[in-house]
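Results of the structural survey
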Amino acid sequence: APPPPPEKKLKDDERFSKYFKMVKMGVPSAAVKQKMGAEGLDPSYLDRDPDGPAPPMPEGGVPPPPRRAVDSSDESDEGYSD
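I will try to describe carefully the structure that is included in this document.

So, how was this worked out
- Residues numbered from 1 in each chain as written.
- Predicted model: local features only at pLDDT ≥ 70, side-chain atom pairs only at ≥ 80, totals over all residues.
- Heavy atoms only, no water.
- Phe/Tyr/Trp six-rings, centres within 6.5 Å; stacked < 30°, edge-to-face > 60°.
- Helix = DSSP H or I, 4+ residues; strand = E, 2+ residues; numbered from the N terminus.
- Buried < 20%, exposed > 50% of the residue type's maximum accessible area, 1.4 Å probe, protein only.
- Core = buried A, V, L, I, M, F, W, Y, C linked by side-chain atoms within 4.5 Å.
- Contact = heavy atoms within 4.5 Å.
- Polar contact = N/O pair within 3.5 Å; in protein donor to acceptor, adjacent residues only side chain to side chain.

Re the packing of aromatic side chains
Within this structure, the stated rule accounts for one aromatic pair. With a centroid separation of 4.8 Å and an interplanar angle of 50°, the aromatic rings of Phe-16 and Tyr-45 are classed as tilted. Of the two residues, Phe-16 is situated in the segment before α1 (17–24) and Tyr-45 in the segment after α2 (29–38); the sequence distance between them amounts to 29 residues. Owing to a relative accessible area of 2%, Phe-16 belongs among the buried residues under this scheme. Tyr-45 sits in the buried class, given a relative accessible area of 15%.

Re the nonpolar core
If you look at the biggest cluster of nonpolar residues, it comprises ten residues: Leu-10, Phe-16, Tyr-19, Phe-20, Val-32, Met-36, Leu-41, Tyr-45, Leu-46 and Ala-54. Those elements giving two or more residues to this core turn out to be α1 and α2. Leave out the neighbours within four places in its chain, and Tyr-19 touches Val-32, Lys-35, Met-36, Glu-39, Leu-41 and Leu-46.

Looking at the environment of Lys-21
Of note, Lys-21 is situated in helix α1. A residue is classified by how much of its surface remains accessible, and Lys-21, at 54% relative accessible area, is exposed. In sequence terms Lys-21 and Lys-11 are ten residues apart; their C-alpha atoms lie 8.4 Å from each other.

Considering the side chain of Asp-13
Relative to the helices and strands, Asp-13 resides in the segment before α1. The buried category is assigned to Asp-13, whose relative accessible area is 3%. Within polar-contact distance, the side chain of Asp-13 engages the side chain of Arg-15 at 2.7 Å. If we skip the residues at most four places from it in the chain, Asp-13 touches Lys-8, Ala-54 and Pro-55.

See the structure below:
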C-alpha cells in the first residue's frame, strides 16, 4: 500500500490558512473566531499550534457548507418585514 500522505500543518490547511493569515495581519482573534464559527469551523483551532497537524478532512474531501435557513418550509421569517 502507498504511504499515507504527509500530515498537513494546521496553517497550511486550506480550511484554516486564511484565518491564521488574518490574525497575522492584525485582525483581533475574537473577530477571526467569530468568522470561523459563522463559516462552520471550530474556532478553537485558532488557539492551537499553527505548525501542529491539521484535522482530517471529512468524508468526501470538503467540509459541508454551513446550513442556511432558506428552506421554503421554514416559516420562522413569516410576519417579519424589512
